[in-house]
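Chain and residue survey
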Amino acid sequence: MKFTNFIQSAKEYLRLHDFQKSSKKKSIKSLLKKLRTKRKEIKKSIKEIEKEEHLQELQEELDIVCMQIKKGKELLKELQDA
């Protein structure tokens with residue numbers, strides 16, 4: 001048996017491709033959790049803020065975080081479907 005065939009069979013036996021996929025899933029889930037926490041903090045700040053200029057900055061930041069959450073969910077779904 002060639003060395004590359006041995007490595008391939010060992011990967012299949014140990015299910016390393018599943019390990020990489022699960023590692024990515026864990027990373028994305030962790031990131032989504034942090035983004036959701038950040039979103040809650042921004043929403044709380046928006047409720048407490050009085051100046052219009054800061055309100056607009058926080059709203060833009062909130063929009064960015066929401067878009068990142070959406071992309072993260074899409075990536076997670078792709079990993080689960082694959």
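Only a predicted model underlies this, so the values are computations on that prediction, with no experimental measurement involved.

1. Topic: the overall build of the protein chain
When helices and strands are counted, the protein chain shows three helices and zero strands. Taken from N to C terminus, the helices and strands of the protein chain fall in the order α-α-α. When the 82 residues of the protein chain are sorted by exposure, 15% land in the buried category. Carbon and sulfur atoms make up 54% of the accessible area of the protein chain, which amounts to about 7300 Å² in all.

2. Focus on a negative patch on the surface
A grouping of Glu53, Glu57, Glu60 and Asp63 is seen on the molecular surface, where their side chains present a negatively charged patch. Among the structural elements, Glu60 can be located in helix 3 (residues 52-81). Exposure remark for Glu60: the relative accessible area of 46% places this residue in the partly exposed category.

3. Looking at the pattern of salt bridges
Throughout the structure, instances matching the rule amount to one salt bridge. Of the charged contacts, one joins Glu61 and Lys38 as a salt bridge, the two residues approaching to 3.4 Å between their closest N and O atoms. Placement of Glu61 in helix 3 and of Lys38 in helix 2 (residues 16-48) is noted, with a sequence separation of 23 residues between them. You can call Glu61 partly exposed: its relative accessible area is 31%.

4. With respect to the environment of Asp63
Note on placement: Asp63 falls in helix 3. Note on Asp63: relative accessible area 41%, which makes it partly exposed. The spacing of Asp63 and Arg39 is 24 residues in sequence and 9.2 Å in space, taken between C-alpha atoms.

5. Structural notes on the nonpolar core
Within the largest apolar cluster, eleven residues are counted, these being Ile28, Leu32, Leu35, Ile42, Ile46, Leu58, Leu62, Val65, Ile69, Leu76 and Leu79. Those elements giving two or more residues to this core turn out to be helix 2 and helix 3. No other element matches helix 3, which puts six residues into this core. Ignoring sequence-local partners within four residues, the contact set of Leu76 consists of Lys25, Ile28, Lys29 and Leu32.

Criteria and thresholds
- Residues numbered from 1 in each chain as written.
- Predicted model: local features only at pLDDT ≥ 70, side-chain atom pairs only at ≥ 80, totals over all residues.
- Heavy atoms only, no water.
- Helix = DSSP H or I, 4+ residues; strand = E, 2+ residues; numbered from the N terminus.
- Buried < 20%, exposed > 50% of the residue type's maximum accessible area, 1.4 Å probe, protein only.
- Areas by Shrake-Rupley, 256 points an atom, 1.4 Å probe, with all protein chains shown as cover.
- Patch = residues over 30% accessible without salt bridge, like charges linked within 9 Å, V, L, I, M, F, W, Y side chains within 5 Å.
- Salt bridge = Lys/Arg side-chain N within 4 Å of Asp/Glu carboxyl O.
- Lys, Arg positive; Asp, Glu negative; His and termini not counted.
- Charge placed at Lys NZ, Arg CZ, Asp CG, Glu CD.
- Core = buried A, V, L, I, M, F, W, Y, C linked by side-chain atoms within 4.5 Å.
- Contact = heavy atoms within 4.5 Å.

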